[in-house]
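# Summary of structural features
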Amino acid sequence: TGNAANGPVTAHLYQDHPAIPGWSYLLTGWAGAESNFLGGAELAIDFLDAANAWIGGAALDLNGAGLQVPNGQPFHYKEYAVSAIAPAGAVSVRARVSLLDGMPNPVGGGQAFVVDDFTLTAIPEPTTLLLGALGLAGLAGHARRRR
């Protein structure tokens, strides 16, 4: 695949984790592409329901974000980030990087698309943080009164 005879290739690298509706998720990772890379690329967060169906998320177009812009690093490596809030019904969050419609470049030369070092961070929604802080404050007050 990924040639004139078979057409373009699309490939996804992903990992699924449990999701909590209302929480924010941040995916960071490094990506780069050589100057003759032909294809699309995206860094994405997908939310899936109990039936494993997509119910929301966010994607960053890496080409539009400067994937092939030279920066003095091998493969023009840069760190990228995308974030999204898990909707109601989200059971899992998928951290994903994708090569979209990849084809060999007829002019040849370096065409690699490379990725590395991904981190998915879950950030509780503000109400959860507030309730947690109030709970800790209440426990501290209760402990003081018992002395």
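Before reading on, note that the structure itself is shown above.
All of the points below concern the structure found in this document.

Reading guide: rules and limits
Residues numbered from 1 in each chain as written. Predicted model: local features only at pLDDT ≥ 70, side-chain atom pairs only at ≥ 80, totals over all residues. Heavy atoms only, no water. Helix = DSSP H or I, 4+ residues; strand = E, 2+ residues; numbered from the N terminus. Polar contact = N/O pair within 3.5 Å; in protein donor to acceptor, adjacent residues only side chain to side chain. Salt bridge = Lys/Arg side-chain N within 4 Å of Asp/Glu carboxyl O. Buried < 20%, exposed > 50% of the residue type's maximum accessible area, 1.4 Å probe, protein only. 1 Å grid on protein atoms, 1.4 Å probe; cavity = no way out; pocket = protein on both sides within 12 Å on 5 of 7 lines; lining within 4 Å. Points joined across faces, edges and corners; volume = space filled by probe spheres on them. Nonpolar A, V, L, I, M, F, W, Y, C, P; charged D, E, K, R; others polar.

Let's shift gears to the side chain of Asp 46. Note on placement: Asp 46 falls in strand 3 (residues 38-48). A distance of 3.2 Å separates a polar atom in the side chain of Asp 46 from a polar atom in the side chain of Trp 54.

Turning next to the pattern of salt bridges. With the rule as written, the count across this model stands at three salt bridges. Note that Glu 42 and Arg 96 form a salt bridge whose closest N and O atoms lie 2.9 Å from each other. Of this pair, Glu 42 sits in strand 3 while Arg 96 is found in strand 6 (residues 92-103), placing the two residues 54 residues apart along the sequence. Across this residue pair, the class does not change: Glu 42 and Arg 96 are buried. Across the pair Arg 96 and Asp 46 runs a salt bridge whose closest N-O atoms are separated by 2.7 Å. Residue Arg 96 is found in strand 6, and its partner Asp 46 is found in strand 3; the two are separated by 50 residues along the sequence. Just as Arg 96 is buried, Asp 46 falls in that class too. Each of Glu 42, Asp 46 and Arg 96 takes part in one network of salt bridges that share partners.

The next point concerns empty space enclosed by the protein. Scanning the entire structure with this criterion turns up one cavity of 30 Å³ or more. Within this model, the largest cavity holds a volume of roughly 30 Å³. Lining the largest cavity are Gly 29, Trp 30, Ala 31, Leu 43, Leu 62, Tyr 80, Val 97, Val 115 and Phe 118. Looking at the lining of the largest cavity, the elements with two or more residues in it are strand 2 (24-33) and strand 7 (113-123). Ranked by residues supplied to the lining of the largest cavity, first place goes to strand 2 with three residues. For the lining of the largest cavity, the class distribution of residues is eight nonpolar, one polar and no charged.

Our next topic: the environment of Pro 124. You can see Pro 124 is positioned in the loop between strand 7 and helix 1 (126-146). Residues Pro 124 and Ile 20, spaced 104 residues apart in sequence, show a C-alpha to C-alpha distance of 8.4 Å.

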